[in-house]
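Listed here are the chains, written in short residue letters.
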Amino acid sequence: MVVTFPNIGNIAPAARALCQGLQIPYVMPAKNNKRTLQIGAEYSPEEICLPFKMMMGNFIEGIEKGADTILTTGSCGPCRFGEYCELQMKILRKIGYEDIDFVVADLSSEVGMEEFKCRVGKVGAASPVSRTAQFKAIRDAYRTVELCDKIDARAYYLAGYEQTPGECKRILHEYKDRLLECETPEETLKLLNDYKRKMSRVKISRDKDPIKISIIGEIFTVIDPYSNLYIEEKLMDYGVSSIRKLTPSWWVKDLMLKPFKLNSLDIKRASRKYLPYSVGGHGKECVGEAVLGKEQGMDGAIQILPLGCMPEVIAKSILPTIQMDKDFPTMTLIVDEIMGEAGYVTRIEAFIDMLESRKRRGSMGRTVGF
Ligand code: SF4
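Residues numbered from 1 in each chain as written. Predicted model: local features only at pLDDT ≥ 70, side-chain atom pairs only at ≥ 80, totals over all residues. Heavy atoms only, no water.

## Observations regarding helix α1 (residues 11–22)
Residue pairs three or four apart in sequence face the same way in an α-helix, which turns once every 3.6 residues. Taking 1.5 Å per residue, twelve residues should reach 16 Å; α1 reaches 16 Å between its end C-alpha atoms and fits that length. With eleven of its twelve residues buried, α1 lies for the most part within the structure. Inspection of α1 places Ala12, Pro13, Ala14, Ala15, Arg16, Ala17, Leu18, Cys19, Gln20, Gly21 and Leu22 among the buried residues, and these make up the whole buried set. Residue Gln23 follows α1 closely and has a positive phi angle near 55 degrees. (Helix = DSSP H or I, 4+ residues; strand = E, 2+ residues; numbered from the N terminus. Expected span 1.5 Å × (residues − 1). Buried < 20%, exposed > 50% of the residue type's maximum accessible area, 1.4 Å probe, protein only.)

Structure (structure tokens):
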């Protein structure tokens, strides 16, 4: 078994740490790039959403480098994500990759715990290490993704307060590059703990009052920097602080607490008035996050969604009501494989200008806290 997995933000280093801990050969997917998207788009249905195309690109590149098993997540709908794996398997078979095995980690009630264990057990059976070491590998993988998400969140938020412009971004890039050199989960965790400390030592000016923006929207496109044209890094360059609730570690916690109905209680409360039902994907979360953004003192929210994303289109139609009710500006950016960066940047800059002028006029936000 040679495993590969989609390159979705911090999921990739965690999946890598898992394979290292389980001592299973793996192919690390390349950082998402133009070629990944081109290959993915070539073999995907034209109107399918961007995450499908990116993942197809990752899988094909992984198979080209020798992978025979794809480790990915799945769901049973109601949006297109429920069809992803079946369709991806069919396409791969059709283009000649007939012996590729899919391990789809899906904890939905339609799949059930027994089937989930059976699927995940396939990977466990291929691992030569003891059961105890396998549990440790899973724990280390989770700690990896959690630490990466924490460091990123701190960097994106502190960028608006740093004394030396660009310091948070430099540390962010440095740790992401060095992460690729780690050969064991222990090395990975040590490096991440070092960088977490480094990030907490960044000198900040508490008297600064930067623009603060909440990044909301479809989970893949907010997590994958290539898909959203590195929006969080662009905001860092403008000296804007940003927060984002949807991260891979949030997703894992949400999934684990779902059977007990204890998941994302704050989002459920915040979205109740505007969207009390699940509409698939993370449409409900997007609405709840917009309300939470206002409560947390953010100056505005940017929603990112792939072209044709059904749940986010529903959320998009509700955001103007929240904007009016709460006096909370929101802007929507739609991403796809055919898009111009110049227009995208212009819209971001115009939104920041508008938030700055509101701030000058006195609609002040308050600080979320360091
Ligand atoms: S949430 Fe949107 S982008 Fe994601 S699979 Fe569903 S329709 Fe596609």
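## Here's the deal with a positive patch on the surface
A contiguous patch of positive charge on the surface is contributed by Lys150, Arg154, Lys196 and Lys253. Along the chain, Lys253 falls in helix α11 (residues 248–257). Among the residues examined, Lys253 registers a relative accessible area of 44% and is labelled partly exposed. (Patch = residues over 30% accessible without salt bridge, like charges linked within 9 Å, V, L, I, M, F, W, Y side chains within 5 Å. Areas by Shrake-Rupley, 256 points an atom, 1.4 Å probe, with all protein chains shown as cover. Salt bridge = Lys/Arg side-chain N within 4 Å of Asp/Glu carboxyl O. Lys, Arg positive; Asp, Glu negative; His and termini not counted. Charge placed at Lys NZ, Arg CZ, Asp CG, Glu CD.)

## Looking at the domain arrangement of the protein
The extent of an interface is frequently quoted as the accessible surface area lost upon association of the parts. Here the domain parsing of the protein yields domain 1 (3–127), domain 2 (145–158 + 161–207) and domain 3 (210–370). Each of domain 1 and domain 3 has a C-alpha centre, and the two are 26 Å apart. Counting residues at the interface gives 22 residues for domain 1 and 24 residues for domain 3. Where domain 1 touches domain 3, the interface holds two salt bridges. As a salt-bridge pair, Lys53 and Glu337 come within 2.8 Å of each other at their nearest N and O atoms. Seen at the junction of domain 1 and domain 3, the total is four residue pairs in polar contact (both at pLDDT 80 or more). Broken down by secondary-structure element, the contributors of at least two residues to the side of domain 1 that touches domain 3 are α2 (34–42) and α3 (50–64). Element by element, the count of residues in the side of domain 1 that touches domain 3 is highest for α3, at five residues. Split into classes, the residues belonging to the side of domain 1 that touches domain 3 amount to twelve nonpolar, six polar and four charged. (Domains from an automatic or database assignment. Contact = heavy atoms within 4.5 Å. Polar contact = N/O pair within 3.5 Å; in protein donor to acceptor, adjacent residues only side chain to side chain. Nonpolar A, V, L, I, M, F, W, Y, C, P; charged D, E, K, R; others polar.)

## Focus on the side chain of Ser44
If you trace the backbone, Ser44 turns up in the loop between α2 and α3. The exposure class assigned to Ser44 is buried, which follows from its relative accessible area of 9%. Setting aside its immediate chain neighbours within four residues, Ser44 contacts Phe52, Lys53, Met56 and Ile91.

## Describing the sheet that holds strand β1 (residues 3–4)
Sheet architecture is open: four strands sit in the order β2-β1-β3-β4, paired in parallel fashion. The outermost strands of the open sheet, each flanked by one partner alone, are β2 (26–27) and β4 (101–105). One ladder, built from five bridges, connects strand β3 (residues 69–73) with β4; its direction is parallel. Bridging across to β4, Thr72 finds its partner in Val104. Contacting β1, β2, β3 and β4, α3 crosses the sheet at an angle of about 155 degrees to β3. (Pairing = 2+ DSSP bridges. Axes fitted to C-alpha atoms, helices over the stretch in contact; angles between N-to-C directions.)

## Brief notes about the environment of Ala159
By secondary structure assignment, the location of Ala159 is in the loop between α6 (131–158) and α7 (167–179). On the basis of relative accessible area, Ala159 is assigned to the buried category, the value being 4%. Along the primary structure Ala159 and Glu232 are separated by 73 residues, whereas in three dimensions their C-alpha atoms are 9.9 Å apart. Excluding its chain neighbours within four sequence positions, the residues that come into contact with Ala159 are Cys168, Met236, Gly239 and Val240.

## Comments concerning the state of the cysteines
Applying the stated criterion across every chain yields a total of zero disulfides. In this model Cys182 remains outside any disulfide bridge; the closest cysteine sulfur is found in Cys148, 9.7 Å from its own. For Cys182, a relative accessible area of 5% corresponds to the buried category. Counting only cysteine sulfurs, Cys309 is the nearest neighbor of Cys286, a cysteine outside any disulfide, at a range of 9.2 Å. Using a relative accessible area of 0% as the deciding quantity, one classes Cys286 as buried. (Disulfide = S-S within 2.5 Å.)

## Description of the site of the ligand
Lining the immediate surroundings of the ligand are Cys49, Pro51, Cys79, Arg80, Phe81, Tyr84, Glu218, Gly281, Pro306, Cys309, Met310 and Pro311. Those elements that place two or more of their residues in the shell around the ligand are α4 (81–94) and α14 (310–326). Looking at side-chain class alone, the shell around the ligand contains nine nonpolar, one polar and two charged residues. Both domain 1 (3–127) and domain 3 (210–370) contribute no fewer than three residues apiece to the shell around the ligand. (Near = heavy atom within 4 Å.)

## Observations concerning unusual backbone geometry
Trans is the common state for peptide bonds, and a negative phi is the common state for residues other than glycine. Phi angles above zero are rare outside glycine, and Leu229 is one such case at about 55 degrees. Even without being a glycine, Ser264 presents a positive backbone phi close to 40 degrees.

## Points about the packing of α6 against α7
One way to put it is that α6 packs onto α7 with a least axis distance of 9 Å and a crossing angle of 160 degrees. Between α6 and α7, the crossing angle belongs to the class labelled roughly antiparallel. Once α6 is placed against α7, the crossing between them reads as left-handed. Taking contact as the criterion, the partners of Cys148, Ile151, Asp152, Ala155, Tyr156 and Leu158 in α6 are, on α7, Cys168, Leu172, Tyr175, Lys176 and Leu179. Class assignment of the residues belonging to the contact of α6 with α7 gives a composition of nine nonpolar, no polar and two charged. (Parallel < 35°, antiparallel > 145°, perpendicular 65-115°, else oblique. Left-handed = near helix turned anticlockwise from the far one by under 90°.)

## As for the nonpolar core
If you look at the biggest cluster of nonpolar residues, it comprises 61 residues, and the most contacted ones within it are Ile213, Ile231 and Ile302. Among the elements that make up this core, the one with the highest residue count is α3 (eight residues). Counting only domains with at least three residues in this core, you end up with domain 1 (3–127) and domain 3 (210–370). Beyond its immediate sequence surroundings of up to four residues, Ile213 is in contact with Leu235, Val240, Ser241, Ser242, Ile243, Met298, Gly300, Ala301, Ile302, Phe351, Ile352 and Leu355. Counting residues in hydrophobic clusters, the runner-up holds 23 residues, among them Cys148, Leu172, Tyr175 and Leu189. (Core = buried A, V, L, I, M, F, W, Y, C linked by side-chain atoms within 4.5 Å.)

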